[in-house]
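Below are the chains, spelled out letter by letter.
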Amino acid sequence: MNPQYPIFIPTKGRWETPYTIRALQHCGVPFKAVVEPQEARLYAAVVGEENILVTPHRDRGVTVTRNWIWDYAAQMGAEYYWTFDDNIREFYRLHKNVKYRCDSGTFLRVIEDFARRYENLYITGMQYEMFVPRKRYHTPFTLNTRVYSNQLFRTDIPFRFETYYNEDTDLCLRILKAGACTCQFIAFLANKMATMSLKGGNTAYYKQTNRRLEFAQELQRAHPDVVKVVWKWHRWHHEVNYGPFRNNKLIRRPGLDIPAGVDNYGMQLVDAG
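Residues numbered from 1 in each chain as written. Predicted model: local features only at pLDDT ≥ 70, side-chain atom pairs only at ≥ 80, totals over all residues. Heavy atoms only, no water.

A.B. asks: Let's hear about the packing of aromatic side chains: which residues, and what values?
C.D. replies: Taken as a whole, this structure holds 24 aromatic pairs when the rule is applied. Arranged with centres 6.2 Å apart and planes meeting at 65°, the rings of Phe 8 and Tyr 81 form a pair that is edge-to-face. One end of the pair, Phe 8, is in strand β1 (residues 7–10); the other, Tyr 81, is in strand β4 (residues 80–84), and 73 residues separate them in sequence. The exposure class of Tyr 81 is buried, given its relative accessible area of 0%. Measuring from ring centre to ring centre gives 5.8 Å for Phe 153 and Phe 161, while their planes differ by 85°; the resulting arrangement is edge-to-face. Of the residues examined, Phe 161 reaches a relative accessible area of 5% and is grouped as buried. Looking at Arg 146, its charged tip hangs above the ring of Tyr 128, at a distance of 5.6 Å from the centre. (Phe/Tyr/Trp six-rings, centres within 6.5 Å; stacked < 30°, edge-to-face > 60°. Helix = DSSP H or I, 4+ residues; strand = E, 2+ residues; numbered from the N terminus. Buried < 20%, exposed > 50% of the residue type's maximum accessible area, 1.4 Å probe, protein only. Lys NZ or Arg CZ within 6 Å of the ring centre and 35° of its normal.)

A.B. asks: Hey, could you go over the nonpolar core for me, with residue numbers and the actual values?
C.D. replies: Counting 39 residues, the largest nonpolar core has Phe 84, Phe 91, Met 126 and Phe 188 as its most contacted members. Once residues within four sequence positions are removed from consideration, Phe 84 is found in contact with Ile 7, Phe 8, Ile 9, Pro 10, Thr 20, Phe 91, Leu 108, Met 126, Ser 149 and Asn 150. Listed in part, the 18 residues of the second largest apolar core include Ile 69, Phe 153, Ile 157 and Ala 180. (Core = buried A, V, L, I, M, F, W, Y, C linked by side-chain atoms within 4.5 Å. Contact = heavy atoms within 4.5 Å.)

A.B. asks: With reference to specific residues and values, describe the pairing of strand β6 (residues 98–101).
C.D. replies: The pairing of strand β5 (residues 88–95) with β6 spans four bridges and is classified as antiparallel. Directly across from Arg 93, in β6, lies its bridge partner Tyr 100. Hairpin connection between β5 and β6: a loop of two residues separates the two successive antiparallel strands, and Lys 96 in this loop has a positive phi of roughly 55°. (Pairing = 2+ DSSP bridges.)

A.B. asks: Describe the environment of Asp 170, listing the residues and the values that go with them.
C.D. replies: Tracing the backbone shows Asp 170 in helix α5 (residues 167–177). Take Asp 170: its relative accessible area is 2%, and that puts it in the buried class. Sequence separation between Asp 170 and Glu 218 is 48 residues, and the spatial gap between their C-alpha atoms is 9.6 Å. Other than its neighbours up to four places away in sequence, Asp 170 contacts Glu 162, Thr 163, Leu 219, Ala 222 and His 223. A polar contact of 2.7 Å, which involves the side chain of Asp 170, links it to the side chain of His 223. (Polar contact = N/O pair within 3.5 Å; in protein donor to acceptor, adjacent residues only side chain to side chain.)

A.B. asks: Got a sec to walk through α5? Specific residues and values, please.
C.D. replies: Of all eleven residues in α5, ten are buried; the element is thus mostly enclosed. One or two steps after α5, the chain reaches Gly 179, where phi turns positive at roughly 95°.

A.B. asks: How would you summarise the pairing of strand β12 (residues 235–240) if you had to cite specific residues and measurements?
C.D. replies: One ladder, built from six bridges, connects strand β11 (residues 227–232) with β12; its direction is antiparallel. Pairing of Lys 228 across the sheet is with Glu 239, part of β12. Connecting β11 to the antiparallel partner β12 that follows it, the hairpin turn spans two residues, and Trp 233 within it adopts a positive phi of roughly 55°.

A.B. asks: Which residues make up the environment of Arg 174, and what values do they have?
C.D. replies: Tracing the backbone through its elements, the reader meets Arg 174 in helix α5. In this structure Arg 174 comes out as buried when scored by relative accessible area, which is 16%. Taking the C-alpha atoms as reference points, Arg 174 and Phe 159, 15 residues apart in sequence, are found 8.2 Å from one another. In this structure, Arg 174 is in contact with Phe 159, Arg 160, Phe 161, Glu 162 and His 223, ignoring residues within four places of it in sequence. Among the polar contacts listed, one links the side chain of Arg 174 to the backbone oxygen of Arg 160, at a separation of 2.6 Å. Within the local environment of Arg 174, its side chain forms a polar contact with the side chain of Asp 170, the two groups lying 2.9 Å apart.

Now the structure itself:
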């Protein structure tokens, strides 16, 4: 079972390391790699011309590209659309605190069906695998927090990306301040590589002197009520307080009928050994 909404992977400078592309291909999930004109030929040679979408612009930053994708999905008539960062190795299902590799796109359909239940759930995605230790209890999902790197968006919401850095965090905060909700799945996980560990994308730019400080300060200026700048792990970071949004409540769509019992969507645990 595959997702019903389109998937886009904005990517730059990583045609030799197409991690997310390979992860989705492993699951048999269709996608479009969103590339700039100067790299279209290089990506087409790796993933096929039919799997790339070329932007009308170049070198204008990820915020411009993300908004272009959003408008493109809306013009397609898609009610929702996915975007994935280009540095995700694998996807997992968390079952009884054990992480099992996903080998089909069914997990994305599960997330889509959940998101469609609620009229005020604007962004849904998956937690990073690295942040889910095995020896700790985890709920299936967390509401009203940041959703990074893999995101299912509603196309019709009155928002777009705005900031140059931290555009995803800023968007989540503006949505939460408007009283709507975000959802981060823990039942399904993304194995994303650490920030700045892979060449290409914005890595070289972020490694420049003081870029990390600018990165954090821009978000603090946008949301001084919930963001502070901190020094951790030998570099500057932003730290967000999501506590003020804990009371944002999901609103079920009218006429919603959720069947009783557990639906595993045909997923099975298989011993790959």
